[in-house]
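Chain by chain, the residues:
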Amino acid sequence: MITIERPFFRWDPWREMDRLQREMTGVFNLPRRRAAVFPPLNIHTGDDDVIITSEIPGIDPADVELTVTGDTLTIKGLRKEHETKEGETWHRRERGSGNFYRTVQLPYNVDGNKVQADYVNGVLKIVLPRAEADKPRKISVTSGK
Amino acid sequence: MAEISKSLKSEKAQEAAVAERTKDRRIYNPAVDILEDADNLYIYADMPGADDKSVNVSLENDVLTIEAQSQDVSFDKHDVTYTEYGVGDYYRAFTLNETVDRDKIEARVKNGVLNIVLPKAEAVKPRSIPIKVG
């Protein structure tokens, strides 16, 4: 093991304790299912449409706003915070809250007028049909003469 | 210190049940909020994809277990091209410190969030004792 002397940092017992504490918390914390982004998305691509599913539990569907322009989908929304009433104390607080905003680039242009979305059991499903103009066309080759 | 012993307890409960599963499915630890007031203990757990039929809440001794199954999401003639979350079952167990009136536990699922209300047993509720002068 190579130790590098760093003259600018003296050994600091408080920092050491802090590090130790962080290590200990890591041991006791169980693996959580938490994506780095909220809401997490899954994209299912078909020939004629793209289906996006997103886990956004515990929201009012009226608080979600979807906008489509060309091949870009924007999901905007709010996950309301729990209003702490008087006499309530928190034991654990792992569920996030607040505003969320995401922009996704789709594999092709979609028809904004035909986009459908539904929200069931905390999962948002968005069906984005491919724009007619964007669909691949078969061109038959005719022999000349 | 009390905090650490508590989380140790819940970890034990966790391991016991996760060890053996016949179904080959991923199991996720749902994120929870736990609150308490004078009368009840409230648990909120994020379980997207689960509904009232698939959620199972049980209390054995003082271990509260929440479980749920969620349906696989796949569409005909569609390939999954990008994933940020996995779909699976949910499992989490807690050791309750409080004595709970088990007959009055209420659980409800709405929009993928499980909400459990655990009323505290009469015996452990805080009581104010009037002080007489004399």
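Residues numbered from 1 in each chain as written. Chains lettered and ligands numbered in written order. Predicted model: local features only at pLDDT ≥ 70, side-chain atom pairs only at ≥ 80, totals over all residues.

**Observations concerning the overall build of chain A**
Rules: In DSSP terms, a helix is any run of H or I states spanning at least four residues, a strand is any run of E spanning at least two, and both are numbered starting from the N terminus. Backbone-placed C-beta atoms define the burial measure: a residue is buried with 20 or more other C-beta atoms within 10 Å of its own, exposed with 12 or fewer, and partly exposed in between. Residues are defined as contacting one another if the C-beta atoms placed from their backbone atoms lie within 7 Å.
A tally of helices and strands in chain A yields 1 helix and 8 strands. In chain A, which comprises 145 residues, the proportion classed as buried is 19%. Taking all contacts inside chain A whose residues are at least 6 apart in sequence as the whole, residues at least 24 apart take part in 50%.

**Observations regarding the sheet that holds strand 6 (residues 78–83) of chain B**
Heads up, the rule is: Any two strands are treated as partners once DSSP identifies two or more bridges connecting them. The axes used here are C-alpha line fits, helices contributing only the stretch in contact, and every angle between their N-to-C directions lies in the interval 0 to 180 degrees.
Ordered by their spatial adjacency, 5 strands build an open sheet running 7(A)-8(A)-2(A)-1(A)-6(B), and the pairing between neighbours is antiparallel. A single partner strand is all that each edge strand has here, and the edge strands are strand 7 (116–120) of chain A together with strand 6 of chain B. Between one strand axis and the next, the sheet turns by 20° as a mean value, whatever way the strands run. Here strand 1 (residues 41–46) of chain A runs beside strand 2 (residues 49–55) of chain A; their pairing, made up of 5 bridges, is antiparallel. When the sheet's bridge partners are listed, N42 of chain A is paired in strand 2 of chain A with T53 of chain A.

**So, the sheet that holds strand 3 (residues 64–69) of chain A**
Sheets are built from strands paired through backbone hydrogen bonds, the pairs being either parallel or antiparallel. Residue and element names in this part refer to chain A. Read from one edge to the other, the open sheet built from 3 strands follows the order 3-4-6, with strand pairing classed as antiparallel. Looking at which strands have only one partner, the edges of the open sheet turn out to be strand 3 and strand 6 (98–105). When strand polarity is set aside, the average angle formed by the axes of neighbouring strands in this sheet is 10°. As paired strands, strand 3 and strand 4 (residues 72–79) are joined by 6 bridges and run antiparallel to one another. Bridge pairing in strand 4 links L66 to I75.

**Notes on the interface of chain A and chain B**
Worth spelling out the cut-off: Residues were grouped as follows: Ala, Val, Leu, Ile, Met, Phe, Trp, Tyr, Cys and Pro as nonpolar; Asp, Glu, Lys and Arg as charged; and all remaining residues, including Gly, as polar.
Contacts between the two partners involve 35 residues from chain A, matched on the other side by 36 residues from chain B. Elements with a contribution of two residues or more to the side of chain A that touches chain B: strand 1, strand 2 and strand 5 (89–93) of chain A. At 6 residues, strand 1 of chain A tops the list of elements feeding residues into the side of chain A that touches chain B. Looking at the side of chain A that touches chain B residue by residue, the classes come out as 13 nonpolar, 12 polar and 10 charged. Pairing of strand 1 of chain A with strand 6 of chain B involves 5 bridges; the strand directions are antiparallel. Bridging across to strand 6 of chain B, I43 of chain A finds its partner in Y82 of chain B.

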